[in-house]
Amino acid sequence: QVQLVESGGGLVQAGGSLRLCCAASGRTFSTYAMGWFRQAPGKEREFVAAISWSGGSTVYADSVKGRFTISRDNVKKTVYLQMNSLKAEDTAVYYCAADLEGRFHTTPPSRFNEYDYWGQGTQVTVSS
């Protein structure tokens, strides 16, 4: 069983920054690929970013490329999402997710159904 707990969300003005954190349980965190997804009101959950088990490979949605950075600390069992130049359209609940088969993938997955465990989400609101 893996538990994921997100933190760091909040209210920020457009152009500002936030850093989301996702703390994970589980002895083998270093073998998981990790991802961030988001869901805005009335919309489907969408992929934001993902990082491989080693941290050597990252993938981003086009909408956040160049503004967001995903990283991880396998000693602290934590994955981060640094969000800069935030826009109103970034407003959503942000979820982190763990792919327990991550060690078998060179590139971390970007599809919702490839992840096994999910956090409860953290709200990010960007005011324009």
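Residues numbered from 1 in each chain as written. Predicted model: local features only at pLDDT ≥ 70, side-chain atom pairs only at ≥ 80, totals over all residues. Heavy atoms only, no water.

Observations concerning the pattern of salt bridges
Point 1. Applying the stated criterion across every chain yields a total of five salt bridges.
Point 2. Between aspartate 90 and arginine 38 there is a salt bridge, with the nearest N and O atoms lying 2.9 Å from each other. Linking aspartate 90 in the loop between strand E8 (78–83) and strand E9 (92–99) with arginine 38 in strand E4 (residues 33–39), this pair joins segments that are 52 residues apart in sequence.
Point 3. Because the salt bridges share partners, they merge into one network encompassing Arg38, Glu46, Arg67 and Asp90. (Salt bridge = Lys/Arg side-chain N within 4 Å of Asp/Glu carboxyl O. Helix = DSSP H or I, 4+ residues; strand = E, 2+ residues; numbered from the N terminus.)

A look at the packing of aromatic side chains
Point 1. As enumerated under the stated definition, the model contains seven aromatic pairs in all.
Point 2. Ring centres of phenylalanine 37 and tyrosine 115 lie 5.4 Å apart, and the angle between their planes is 80°; this geometry places the pair in the edge-to-face category. One end of the pair, phenylalanine 37, is in strand E4; the other, tyrosine 115, is in the loop between E9 and strand E10 (117–118), and 78 residues separate them in sequence.
Point 3. Classification of tyrosine 115 by relative accessible area gives buried; the value is 6%.
Point 4. Sitting over the face of the ring of tyrosine 95, arginine 45 holds its NZ or CZ atom 3.8 Å from the ring centroid.
Point 5. The side chain of arginine 45 reaches across the aromatic face of tryptophan 118, ending 4.9 Å from its centre. (Phe/Tyr/Trp six-rings, centres within 6.5 Å; stacked < 30°, edge-to-face > 60°. Buried < 20%, exposed > 50% of the residue type's maximum accessible area, 1.4 Å probe, protein only. Lys NZ or Arg CZ within 6 Å of the ring centre and 35° of its normal.)

Remember that the coordinates give geometry; whether it matters functionally is a separate question.
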